[in-house]
Amino acid sequence: MITASHNPPDDNGVKLVDPMGEMLEQSWEAYATILANAESDQALVEAYGKLTTDLKVDTNVKPRVVFARDTRASGPRLVSALVAALEASGTEYTDCKLLTTPQLHYITRCLNTKGTAYEYGEPNEQGYYEKTAASFKAAMGHKKFNGPVTVDCANGVGGPKLRELIKYLPSSSEGGLEIKVVNDDVVEPERLNYQVRHIGSVAPSTIWLNIMQCGADFVKTNQRAPPSSHPTPLARCASLDGDADRLMYYFVDADNVFHLLDGDRIATLAALFIGDLARNAGLGERLKVGVVQTAYANGASTSYITQDLKLPVVCTPTGVKHLHHAATKFDVGVYFEANGHGTVVFSDVALKRINKYEPQSPAQSSSLDVLRALTALINQTVGDALSDLLLVELILAHKSWGPKEWDLTYTDLPNRLGRIEVADRNIFKTTDAERKLESPPGVQAQIDALVGKYKNGRSFVRASGTEDAVRVYAEAATKGEADDLAAKVADIVKRAGV
Ligand SMILES: CC(=O)N[C@H]1[C@@H](OP(=O)(O)O)O[C@H](CO)[C@@H](O)[C@@H]1O
Ligand SMILES: [Mg+2]
């Protein structure tokens with residue numbers, strides 16, 4: 001998938017999808033790095049040849065690649081480079097043109113499960129819409145949606161694809177959901193995530209000012225609605241990111257105060273609803289539901305899951321591949337990063353139980369119908385903002401909840417996420433799912449001593465995997481304390497990082 005997700009429009013990159021439509025298996029990342037770092041054409045051919053031999057790749061098997069791109073202006077040029085490489089290596093390929101990242105994951109799984117007992121769907125874009133819409137209709141039953149949802153598409157590929165999906169869903173006049181699509185301009189790719197970049201030279205250093213004015217990343221990072229949107233009180237609003245694999249919800253209350261409903265909220269809502277459905281369907285004992293989070297999950301969400309929902313929580317290192325892997329260990333694994341990337345995965349055993357179970361009463365039967373529909377609605381290959389959006393809307397409709405009732409399930413601890421540039425971020429090495437630093441020596445002890453002074457204090461430090469920076473996260477009982485803790489931990493990092 002050729003995309004740079006929530007990054008500025010000038011950036012681009014690739015996401016590699018494995019044959020089951022999931023994230024690329026981690027051991028392959030190192031091979032991809034070797035190929036990407038080959039310094040000349042000759043070095044590339046040699047590295048390619050060496051990997052083929054070392055990994056004992058059977059060159060008699062005809063390789064097949066499916067690819068797509070997002071709306072970035074550099075996409076077509078990268079596609080031509082990719083096609084040249086595929087032709088040079090004798091690879092059969094399908095160009096799926098413009099797609100969201102999760103749609104390409106879906107198509108990949110469909111292709112590789114066709115004709116098996118695990119057939120996932122029709123391997124094309126239309127198949128995606130048909131499967132999603134049919135399961136949405138089935139799960140909806142006669143439930144009513146309380147007003148529209150407004151979706152900010154970050155001026156990315158999610159806009160046209162959401163408009164297409166809407167054509168397959170029941171219209172609001174038929175009792176369906178009204179979806180208002182905004183920020184869906186893909187004619188001007190430079191509006192993606194609507195970035196305004198001022199570069200001003202102020203001695204002694206250059207100042208870069210990036211203003212991302214829409215999209216899920218803007219909303220999460222700035223904890224406010226995109227400036228272009230003027231939400232009416234208690235109306236549901238959502239934002240996608242540039243390749244539509246992240247989703248954020250938010251609303252303003254009667255006093256116009258902004259409330260963010262992030263990935264932790266979507267995870268808790270999904271876990272609550274699916275747990276209830278399983279119990280009401282008579283499958284409670286036979287479906288082990290669990291939630292997977294990272295250290296960035298708000299501490300209040302973790303307490304809510306363990307203490308109120310009484311469900312197990314696993315914490316993994318940052319990066320969806322880790323969460324996804326851990327989620328597959330449960331019968332039903334709900335995983336989300338706080339930034340809105342996540343999904344629900346059902347194990348093969350769980351799917352069999354859900355599909356075979358004979359309901360013992362009309363009430364069990366109706367819960368079971370909804371649960372079955374959800375297994376088809378939810379994109380199980382990867383986090384998918386479009387199917388997650390429909391999932392949230394269904395749950396709220398079933399519970400007759402507005403965003404306020406959803407928000408009231410627990411109160412987020414005030415938190416702060418900072419980013420610090422140091423000489424060498426790689427000296428910051430972590431353990432315990434990135435919650436503790438083991439190097440540089442002594443730094444964790446300083447952080448621990450500081451955290452102990454704050455009520456409900458928690459803080460951790462790790463090197464970013466995607467940027468040349470160290471991230472500092474802090475939460476505490478009040479906003480002032482969270483900010484203060486983050487600033488002090490940042491000072492420790494700066495001193496250790498020089
Ligand atoms: C704090 C944070 O949001 N980190 C993001 C970010 O990773 P870093 O390793 O923190 O740069 O990008 C990843 C890829 O999109 C995403 O999975 C992750 O959640
Ligand atoms: Mg993305």
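Thresholds, definitions, all that
- Residues numbered from 1 in each chain as written.
- Chains lettered and ligands numbered in written order.
- Predicted model: local features only at pLDDT ≥ 70, side-chain atom pairs only at ≥ 80, totals over all residues.
- Heavy atoms only, no water.
- Helix = DSSP H or I, 4+ residues; strand = E, 2+ residues; numbered from the N terminus.
- Buried < 20%, exposed > 50% of the residue type's maximum accessible area, 1.4 Å probe, protein only.
- UniProt positions renumbered as here; feature names shortened; annotations may be inferred.
- Donors = N, O, S within 2.8 Å, 3.2 Å for Na, K, Ca; no water.
- Polar contact = N/O pair within 3.5 Å; in protein donor to acceptor, adjacent residues only side chain to side chain.
- Contact = heavy atoms within 4.5 Å.
- Patch = residues over 30% accessible without salt bridge, like charges linked within 9 Å, V, L, I, M, F, W, Y side chains within 5 Å.
- Areas by Shrake-Rupley, 256 points an atom, 1.4 Å probe, with all protein chains shown as cover.
- Salt bridge = Lys/Arg side-chain N within 4 Å of Asp/Glu carboxyl O.

Caption draft 1: Broad picture of the environment of Lys288. Positionally, Lys288 belongs in the loop between helix H8 (263–280) and strand E10 (289–294). Residue classification places Lys288 among the partly exposed residues on the basis of a relative accessible area of 47%. Sequence-wise, Lys288 and Ser367 are 79 residues apart; in three dimensions their C-alpha atoms are separated by 17 Å.

Caption draft 2: Representation of the UniProt feature "domain: Alpha-D-phosphohexomutase C-terminal" (unreviewed entry) in the protein chain within the structure. Sequence positions flagged by UniProt for "domain: Alpha-D-phosphohexomutase C-terminal" (unreviewed entry) are, in local numbering, residues 433–491. Its end C-alpha atoms 23 Å apart, residues 433–491 is made of 37% helix and 27% strand.

Caption draft 3: How the structure looks around the coordination of the magnesium ion (ligand 2). Within the protein, the atoms that donate to the magnesium ion (ligand 2) are Ser5 (OG), Asp241 (OD), Asp243 (OD) and Asp245 (OD), at distances of 2.0 to 2.2 Å. Summarised as a motif, the one-chain spacing of the donors to the magnesium ion (ligand 2) is S-x235-D-x1-D-x1-D.

Caption draft 4: Up close: the side chain of Thr52. Within the secondary structure layout, Thr52 lies in helix H2 (residues 41–54). At a separation of 2.6 Å, a polar atom in the side chain of Thr52 contacts the main-chain carbonyl oxygen of Tyr48. With sequence-adjacent residues up to four places away left out, Thr52 is seen in contact with Val57 and Thr59.

Caption draft 5: Representation of a nonpolar patch on the surface within the structure. Nonpolar side chains collect at one region of the surface, where Trp28, Leu55 and Val57 lie side by side and expose about 250 Å² of accessible area between them. Note on placement: Val57 falls in the loop between H2 and strand E1 (64–69).

Caption draft 6: Focus on the side chain of Ser464. Residue placement: Ser464 occurs in the loop between strand E17 (458–463) and strand E18 (470–475). In terms of polar contacts, Ser464 uses its side chain to reach the side chain of Arg471, at 3.4 Å.

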